[in-house]
Amino acid sequence: MDHTAPIVEDVFGISWLDFNLSNVFMIIVTSLIVFVISVLGARKLEMKPTGGQNVMEWVLDFIKGIINDTMDWKTGKLFLPLAITLFSYILVGNMLGVITNGVVGGDVWWKSPTADPGLTLTLAMMVIVLSHFYGIKLRGGKAYVKDYFTPLPLLFPIKLIEEFSNTLTLGLRLFGNIYAGEVLLALLVGLTTSGALGFIGGAIPFLAWQGFSVFIGGIQAFIFTMLSMVYISHKVSEEH
Amino acid sequence: MPGLAENSLIYASLGGLYVGDMLVQLFFFVVLLLLLKKFAWGPVMNMMQKREEYVAGEIEAAEKSRKEAEAAAKEAQTQLNQVKQEAQKMIEDAKNTAVKQEQAIIEAARNEAERIKEQAQAEIQNEKEKAIQALQAQVASLSVMIASKVIEKEISEQDQEKLIEEYIKEVGEER
C-alpha cells in the first residue's frame, strides 16, 4: 500500500496555491528544533566557555572555516548567519527523517523536510538569488554583468545556463540523497516487519543503512553549505 | 508516533512542487535566520569577538609590562655600574690622600728631626766654645800659677805666652 501526502489544493481559492501539509508541518518542527537547540546553546554566555557554549563556538568556527575556504573573510562574515542557519536547518532536517518516518491515516506526516524537491529547490533558489543580489550590491552592476562575458564573450550562453544548473544541482543533490535514504529505510522497514526471516535478514542492513544515512545527512548539510558559499563567492569575489 | 512507516515505499512525499510549501519554506527559513541571528549566533559571535579582543589586550599588556621590566632592569644595571665606578673612585681618592698624608707626615718628621739635630749640634758647638773659653781662661791663670810655683824663676813674657799657646793647642786637639 502506498502512503499519500496530506495535500490541500487551491487554498483561499487561488489556483496555484497548493500545500503539502506534511511539508509545512515538518518545516515548522525543524525550525522549532533548530531554534530551541541554538537558543539553549547560547544561554549563559561567558568569557570562559562551558558546555553548550563550547559546542556553539565549535560549530561557528566550523562554518567560519567553510566560508574562509571560499572567500575573503571581510565579505564572508556577511554570510556567516546564512551559512550557519543553512547548515543547522539542513542537518536537523536530514536527521529527523533518519530517526523515524511517521504515517497518520495513510498520509506521511513525519519525514525529512529535505526529502522534498520543492523545499530543497527553494533553499537553492534562495541561495542563488542572494548570490546575484550581493554580487550586484557589493561589486556594482557593471562588474556583475561583465562577469558573464569573461574570459570570452562566447561563453555567455554557457554562463547563463550555469546559473540554472547550479540551482537545480544544489537543490536536487540534497533532495536525492535524503529521499533515497528514506526510500531505502522504508524498504528495509517493510522487510524487517514482514516476518521472522525478514527480521533476521533486514535488521542488520537496516541498522547499517540508518548509520549511513546519519553520515549522509551530515555530509549533505556540509556540502550544501559549502556549495552555497562557493556560488556566492563566485558572484561576490573579484577573482575566481 | 502514531504508526511508523510500514511496509511500503514513501512515494507520497514525491508529489511534485507545491508553491505553498515553497513559500512556507522560504518564510520559515528567513524567520529562523533572523531569530537565530538575534538570539543565538549573534550573542555567541559577540562573545567570541569580546574574548578575542580581551586576549589581544592581555597579550599587549603583558608585552608592555615586559618591556617596562626590561627598561627598569637596564636602568638598575646602569645605576649599579655608576655606583660601582663611584665607589672605585672614592677608594682611589682615599688611597691617594693617604699616600700624600703619609709623605707629608714623613717629611714633617724628617724636618723636625733635622731641626732638632741642627739645634743639638749648634748647642754642642756653643757649649764646646764656652768650655774652650773657660778652659782657656783657667788654663792661662793655672799655668801661670803652676809655672810660677814649679819653676819659681823668672821667665820672659814672651816665653810665657808661647807656652800658654802650646798648652791650649794641645788641650784643643786632645778633646
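All chains use their own residue numbering, which begins from 1 and follows the written sequence. Chain letters start at A and ligand numbers start at 1, both assigned in the order the entries are written. A pLDDT threshold of at least 70 governs which residues receive local features in this predicted model, and a stricter bar of 80 or more applies before side-chain atom pairs are shown or counted, although totals over entire chains, interfaces and linings include all residues. Note that the side-chain values use all heavy atoms of the structure and ignore hydrogens as well as water.

In the nomenclature of an unreviewed UniProt entry, chain B corresponds to ATP synthase subunit b from the organism Compostibacillus humi. If you open the UniProt record of chain B and go to Sequence similarities (unreviewed entry), you find "Belongs to the ATPase B chain family." UniProt positions are given in the numbering used here, feature names are shortened, and annotations may be inferred rather than shown by experiment.

Chain A carries the name ATP synthase subunit a in an unreviewed UniProt entry, which gives Compostibacillus humi as its organism. Under the UniProt heading Function (unreviewed entry), the note attached to chain A is "Key component of the proton channel; it plays a direct role in the translocation of protons across the membrane." Its UniProt record gives chain A the following Sequence similarities (unreviewed entry) comment, quoted word for word: "Belongs to the ATPase A chain family."

Student: What is the right way to look at the UniProt feature "transmembrane region" (unreviewed entry) in chain B in this model?
Tutor: When the UniProt feature table is mapped onto this chain numbering, "transmembrane region" (unreviewed entry) sits at residues 22–41 of chain B. Note on conventions: DSSP H or I runs of at least 4 residues are helices, E runs of at least 2 residues are strands, and numbering of each starts at the N terminus. Between the first and last C-alpha atoms of residues 22–41 of chain B the distance is 25 Å; the span itself is 100% helix and 0% strand.

Student: Is there a simple way to explain a nonpolar patch on the surface in this structure?
Tutor: The residues that make up patches have over 30% relative accessible area and no salt bridge, and they are joined within 9 Å when like-charged or within 5 Å when they are Val, Leu, Ile, Met, Phe, Trp or Tyr. Areas reported as accessible are Shrake-Rupley estimates using a 1.4 Å probe. Residue values count occlusion only from the protein chains shown. Any Lys or Arg side-chain nitrogen found within 4 Å of a carboxyl oxygen on Asp or Glu counts as a salt bridge. Residues M47 of chain A together with Y54, V55 and I59 of chain B make up a contiguous nonpolar surface patch of about 360 Å² in total accessible area. Locating M47 of chain A in the fold gives a position in the loop between α1 (21–41) and α2 (52–70). Burial classification: accessible surface area is computed with a 1.4 Å probe over protein chains only, and a residue below 20% of its type maximum counts as buried, one above 50% as exposed, and the rest as partly exposed. With a relative accessible area of 32%, M47 of chain A lands in the partly exposed category.

Student: Could you clarify how one ought to interpret the interface of chain A and chain B in this entry?
Tutor: When the parts of a complex come together, some accessible area is lost, and that lost area is often used as the size of the interface. Residues count as neighbours in contact if any of their non-hydrogen atoms are within 4.5 Å of one another. Tallying the contact residues gives 65 residues for chain A and 42 residues for chain B. Accessible area, probed at 1.4 Å, shrinks when two parts are joined; the buried area is that loss added up over both. Carbon and sulfur atoms supply 75% of the area that chain A and chain B bury against each other, a total of about 5,100 Å² over both sides. Inspection of the chain A/chain B interface yields one salt bridge. Measuring nitrogen to oxygen at the nearest pair gives 2.7 Å for the salt bridge that ties R51 of chain B to E57 of chain A. Counting residues per element, the ones that place at least two in the side of chain A that touches chain B are β2 (19–20), α1, α2, α4 (80–99), β3 (102–104), β4 (107–110), α5 (117–139) and α7 (156–192) of chain A. At nine residues, α1 of chain A tops the list of elements feeding residues into the side of chain A that touches chain B.

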